[in-house]
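What follows is the residue order along each chain.
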Amino acid sequence: MSSNSKKGALAVASTNETDSGQSDAKNAKKDHSVELDKISSYVDEAFDAVPEIGSGNRWYDYPYKVLTWFLRSRLGRALPYRIREQINYLCNYLIPWNEVDRERAWSTDDPSANLTVPPDEHVLIPRVWAVEFFPPSELDSLKRAIDKNGWDSKRVRYGIREPNEDMLDRSRKGAGWAWWDLGSVLSETANMFDPDAQKRKLPEAIEHVELTALQVGPSLTVVVGSFTLSQKARKSVDEVWRSAHEPKLYFRRRGRPGVRNRLWSAFHETQTSRRNLHDAVRGWMTDHCPGSFAHGGADQPLVDLVLLEKYEPTRGRRRDRDLHEALRAIGIMEPSYEMTSEDFPGLLLEPADELMCPAIKGRYTKTLWGQVDRIAEGIGEKLSFYGGKYDRVAAIGSFVDRRINNFLVNLAMLDFLQLKRAQHAVLRDQARARHGKFKRRDLQNLRDSFLTTSLDTNSVARDIAKVSQSYHPNRDGAVFIRRPAAWLQESYEKDGSTAPAPVNINEELRKSQEEHIKELVEFDKDYRSILSTVASIGSSIDAFKVQRYAIWIAFVSLLVAFVSLLATAAGPNGLRSFSQALSSWLS
């Protein structure tokens, strides 16, 4: 081919590429214009069906018309600003009722205002794990829980194992087990069998509870509760997820009501149904095995197992809009970086997003989720040992349960340290109010603070640091790796840029724990030093006050004695004049 022919071919190709690019841009612009026209038509239809407030004969139109007319009247304009503001607030308070009527009339074909769940997709939640911590200040609480719940009754009666308190005492002295079965409880209506379990009345959502105690150094005992949910509870989120959701008003503590359209109602109701399962688990732990989180007024760290029937999250492509919104309704987002573990094939670990999924209490909540077939394929023949031939969903829960405890402790340890940091912040902020007067009760509170915070902080920090230094992946449970999602990895490759290197989550957690420990120890040291000094000064001030009070008491006593001598000198026939009595007394 001649050079002129090559140039001509390149020119034609360049022209074709340019024409193709311009065509794609035009098509995209056209599609965007069509989409805007559709949205505009939905808005017009909704406002035609439900006009703005004050333009109809609905119940809220009449008071709105009266109030707005009054504000525009001469008398209304003459009113003070604060009164006009209150009347205007009443007008605004009526508007949400108009908005919710319009949302009910909104087209169900609008994808931006309605939730679309894939018809063949289902979600199941078979297991939930909750973690509670028992540092030295909470040891008595754990012993009371053992006695109250009778977890030793069967093991003592049949001589199966040592009593829990004996195992606990030995472990905290450094000569016991690293972990042991604390107890198990089976619902009175459960069909399953557990020879060691006690039959008790459990919340409707919970079928079986297994408690495992893990010793982290001599001073910290961690209890992991594994909760098997009932058949009805494991499907409860799916039922709410797939049901019809209508626009609703919701009332805030203050201010005017808010409005949720169909999409946001679906988000709120589905996430609330999942949170109800979490609340049942946390409520049981608080009632039967309370520790630092329960007594600190915080939610226990929690991980739930969420299984999907169709969608496989590790397949490498991004979700479409409908699936994205459907999974968001459950409380699962699409993170740019995935956390996976070879110990749990096909499962992703994801922290709950409090901003995007507000109905789920996400501060101490994590999700382990994936697709049933992909997980079963990754586990392979091992799944049959956990009952995979009969119930794959329950078998996957049992498989995860046997491998997750140590990682749960490592994961929840950071939450525990953050809880302690929050408690230290409260002590710092309330120091002036609690220790300003230095009464006996205030000094007692100071002593209690030293006993709980200082003792826990120093002993637990020492043990956590020891365990962190002696970390070994084969002994300390599953290892999770955070890496870019498959679609993000492809994006990096297309751009020719280098993707961030994978990060070992376990090592990252240990580094964060060490930083928190150093911060807590330093804070506790400074706090004790300052308050001890202030308490000493306060005691000196109190001693000075006591001396001053003693002088006044002595003066009053002298005055009383003086008056008594005057009365004695006056005699039985009556008092003489003051000067005569004083002269007589002096003589």
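Look a little higher up for the structure.
Anyway, here's the lowdown on the structure attached to this text.

Cut-off values and rules
- Within any chain, residue numbers begin from 1 and follow the written order of that chain's sequence.
- With pLDDT at 70 or above as the cut-off, local features in this predicted model cover only qualifying residues; side-chain atom pairs require 80 or more to be listed or tallied, and sums for whole chains, interfaces and linings still use all residues.
- With hydrogens and water set aside, each side-chain value is computed from the structure's full complement of heavy atoms.
- As a rule, the C-alpha atoms of each element are fitted with a line to give its axis, helices using only the stretch in contact, and angles between N-to-C directions run from 0 to 180 degrees.
- Going along the chain from the N terminus, every DSSP run of H or I of four or more residues is numbered as a helix, and every run of E of two or more is numbered as a strand.
- We call two directions roughly parallel when the angle between them is under 35 degrees, roughly antiparallel when it is over 145, roughly perpendicular when it lies between 65 and 115, and oblique otherwise.
- Definitions for this section: a left-handed crossing has its near helix turned counterclockwise from the far helix by less than a right angle. A right-handed crossing has that turn clockwise.
- For this analysis, residues touch if any pair of their heavy atoms sits within 4.5 Å.
- Only Asp, Glu, Lys and Arg are considered charged in this grouping, and only Ala, Val, Leu, Ile, Met, Phe, Trp, Tyr, Cys and Pro are considered nonpolar; every other residue, Gly among them, is considered polar.
- Within this analysis, patches are made of residues with over 30% relative accessible area and no salt bridge. Like charges are joined at 9 Å or less; nonpolar side chains (Val, Leu, Ile, Met, Phe, Trp, Tyr) at 5 Å or less.
- Residue exposure ignores everything except the shown protein chains as possible cover, and the areas themselves are Shrake-Rupley values with a 1.4 Å probe.
- Salt bridge, as used here: a side-chain nitrogen of Lys or Arg that lies within 4 Å of a carboxyl oxygen of Asp or Glu.
- Counted charges follow a simple rule, with Lys and Arg positive, Asp and Glu negative, and His plus the chain ends left uncounted.
- A single reference atom marks each charge: NZ on Lys, CZ on Arg, CG on Asp, CD on Glu.
- Accessible area is worked out with a 1.4 Å probe on protein chains only. A residue is then buried under 20% of its type maximum, exposed over 50%, and partly exposed in between.
- Expected helix span is given by 1.5 Å per residue-to-residue step, counting one fewer step than there are residues.
- Cavities and pockets are found on a 1 Å grid laid over the protein atoms alone: a cavity is a set of points where a 1.4 Å probe fits but cannot escape, a pocket is an open set with protein on both sides within 12 Å along at least five of seven lines, and a lining residue has an atom within 4 Å of such a point.
- Grid points are joined across faces, edges and corners, and a volume is the space filled by probe spheres set on the points.

## Brief notes about the packing of helix H2 (residues 61-72) against helix H4 (residues 81-105)
Here is step 1 of the chain: At a minimum axis distance of 10 Å, the contact between H2 and H4 shows a crossing angle of 150°. The orientation of H2 relative to H4 falls into the category roughly antiparallel. The way H2 lies across H4 gives a crossing that is left-handed. Only Arg84, Ile87, Asn88, Leu90, Cys91, Leu94 and Ile95 of H4 make contact with H2, whose side of the interface consists of Pro63, Tyr64, Leu67, Thr68, Phe70 and Leu71.
Here is step 2 of the chain: The residue inventory of the contact of H2 with H4, partitioned by class, reads ten nonpolar, two polar and one charged.

## What to know about a negative patch on the surface
Here is step 1 of the chain: A cluster of acidic residues, Asp44, Glu45, Asp48 and Asp109, forms a negative patch at the surface.
Here is step 2 of the chain: By secondary structure assignment, the location of Asp44 is in helix H1 (residues 3-49).
Here is step 3 of the chain: According to the relative accessible area criterion, Asp44 is partly exposed, its value standing at 41%.

## Let's talk about H4
Here is step 1 of the chain: With 25 residues, H4 extends 37 Å between its outermost C-alpha atoms, agreeing within 8% with the 36 Å of an ideal straight helix rising 1.5 Å per residue.
Here is step 2 of the chain: Residues Ile87, Cys91, Leu94, Ile95, Pro96, Asn98, Val100, Arg102 and Glu103 constitute the buried set of H4.

## Section: the pattern of salt bridges
Here is step 1 of the chain: Considering all chains together, one arrives at 19 salt bridges under this definition.
Here is step 2 of the chain: With a shortest N-O distance of 3.2 Å, Lys143 and Asp169 are connected by a salt bridge. On the criterion of sequence distance, the pair formed by Lys143 in helix H5 (residues 139-149) and Asp169 in helix H7 (residues 164-172) is long-range, its members being 26 residues apart.
Here is step 3 of the chain: Residue Asp169 is classed as partly exposed on the basis of its relative accessible area of 25%.
Here is step 4 of the chain: Connected through salt bridges with shared partners, the residues Arg127, Glu210, Asp401 and Arg402 form a single ionic network.

## Some points on a nonpolar patch on the surface
Here is step 1 of the chain: Residues Trp552, Phe555, Val556, Leu559 and Val560 make up a contiguous nonpolar surface patch of about 530 Å² in total accessible area.
Here is step 2 of the chain: Exposure remark for Trp552: the relative accessible area of 55% places this residue in the exposed category.

## With respect to empty space enclosed by the protein
Here is step 1 of the chain: Inspection of every chain in the model, using the stated rule, returns three cavities of 30 Å³ or more.
Here is step 2 of the chain: Along its surface, the second largest cavity is lined by Phe416, Leu417, Lys420, Asp456, Thr457, Val460, Ala461, Ile517, Leu520 and Val521.
Here is step 3 of the chain: Secondary structure elements with two or more residues in the lining of the second largest cavity: helix H14 (392-429), helix H16 (440-469) and helix H18 (505-570).
Here is step 4 of the chain: Considering every element that reaches the lining of the second largest cavity, the biggest residue donor is H16, with four residues.
Here is step 5 of the chain: Looking at side-chain class alone, the lining of the second largest cavity contains seven nonpolar, one polar and two charged residues.

## With respect to the environment of Leu509
Here is step 1 of the chain: Note on placement: Leu509 falls in helix H18.
Here is step 2 of the chain: Relative accessible area serves as the criterion here: at 8%, Leu509 is assigned to the buried category.
Here is step 3 of the chain: Spatially, the C-alpha atoms of Leu509 and Met413 are 8.6 Å apart, while their sequence positions differ by 96 residues.
Here is step 4 of the chain: Other than its neighbours up to four places away in sequence, Leu509 contacts Phe407, Asn410, Leu411 and Leu414.

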